[in-house]
Amino acid sequence: MSLIITDDCINCDVCEPECPNEAISQGDEIYVIDPSRCTECVGHFDEPQCQQVCPVDCIPLDPDRVESKDALMKKYQQLTAGSQTVTG
């Protein structure tokens, strides 16, 4: 499941730098989350970092984008595949 930023966002800019997948960006009026990049921090952290730092608690799970932990892990693996160094 992807996360979503609600209209309660105050544009404080603390969530964007916390996202390890660069899924958060400034939208027209509030910050937005790209669901194709959001893994809820699966693969990086135990909890979504944006939710941890948000001072107004405006980053809930998006009920329209339900994904299992396995699906989130696969998305994480796809997102990080290009950044992994191959040794051999």
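The following refers to the structure shown. The structure displayed is predicted, hence computed values, not measured ones. In this convention, every chain numbers its residues from 1, walking through the sequence in written order. With the structure being a predicted model, the display of local features is reserved for residues of pLDDT at least 70 and the display and counting of side-chain atom pairs for 80 or more, all residues being used for whole-chain, interface and lining totals. Hydrogens and water molecules were not included; the side-chain quantities draw on all heavy atoms of the structure.

Let us look at the overall build of the protein. A count of helical and extended segments in the protein gives 2 helices and 2 strands. Counting helices and strands in the order they occur from the N terminus, the protein gives β-β-α-α. Throughout, the radius of gyration refers to the C-alpha atoms, and the reference size of a globule is 2.2 Å times the residue count to the power 0.38. For the protein, whose C-alpha radius of gyration is 13 Å, the value lies close to the compact-globule estimate of 12 Å for 88 residues. Taken along the three principal axes of its C-alpha coordinates, the protein extends 50 × 25 × 25 Å. Burial here depends on accessible area, computed with a 1.4 Å probe over protein chains only, as a share of the maximum for the residue type. Under 20% is buried, over 50% is exposed, and the range in between is partly exposed. Within the protein, the proportion of its 88 residues that are buried is 33%. Taking all contacts inside the protein whose residues are at least 6 apart in sequence as the whole, residues at least 24 apart take part in 67%. When the accessible surface of the protein is split by element, carbon and sulfur atoms take 46% of a total near 5,700 Å². Asp and Glu are treated as the negative residues and Lys and Arg as the positive ones, with His and the ends of the chain left uncounted. The atoms used to mark charge sites are NZ of Lys, CZ of Arg, CG of Asp and CD of Glu. Separation of charge centres in the protein, based on 5 positive and 17 negative side chains, amounts to 11 Å. In DSSP terms, a helix is any run of H or I states spanning at least four residues, a strand is any run of E spanning at least two, and both are numbered starting from the N terminus. By definition in these notes, contact holds between two residues if any of their heavy atoms fall within 4.5 Å. Note on areas: Shrake-Rupley, 1.4 Å probe, and residue coverage restricted to the protein chains presented here.

This part takes up the environment of Val14. With respect to the helices and strands, Val14 occurs in the segment before β1 (24–26). A residue is classified by how much of its surface remains accessible, and Val14, at 32% relative accessible area, is partly exposed. Residues contacting Val14, with those up to four places away along its chain left out, are Val53, Cys54 and Pro55.

We now examine the environment of Asn21. With respect to the helices and strands, Asn21 occurs in the segment before β1. Between the C-alpha atoms of Asn21 and Glu40, which are 19 residues apart in sequence, the distance is 9.4 Å. When near neighbours in sequence (up to four residues on either side) are disregarded, Asn21 contacts Arg37, Thr39, His44 and Leu79.

What follows covers the state of the cysteines. Disulfide assignment relies on a single distance test, namely cysteine sulfur atoms paired within 2.5 Å. Considering all chains together, one arrives at 0 disulfides under this definition. With no disulfide of its own, Cys54 lies closest to Cys58 among cysteine sulfurs, the gap being 3.7 Å. Given the relative accessible area of 15%, Cys54 is considered buried.

A word on the pattern of salt bridges. We define a salt bridge as a contact between a side-chain nitrogen of Lys or Arg and a carboxyl oxygen of Asp or Glu at a distance within 4 Å. Per the stated rule, a full pass over the model turns up 2 salt bridges. Among the ionic pairs, Arg65 bridges to Asp62, the shortest N-O distance being 3.7 Å. On the accessibility criterion, Arg65 (41% relative accessible area) is partly exposed. Taking relative accessible area as the criterion, Asp62 reaches 8% and is therefore assigned buried. The partner of Lys75 in a salt bridge is Glu67, and the shortest N-O contact between them spans 3.0 Å. Note on Lys75: relative accessible area 10%, which makes it buried.

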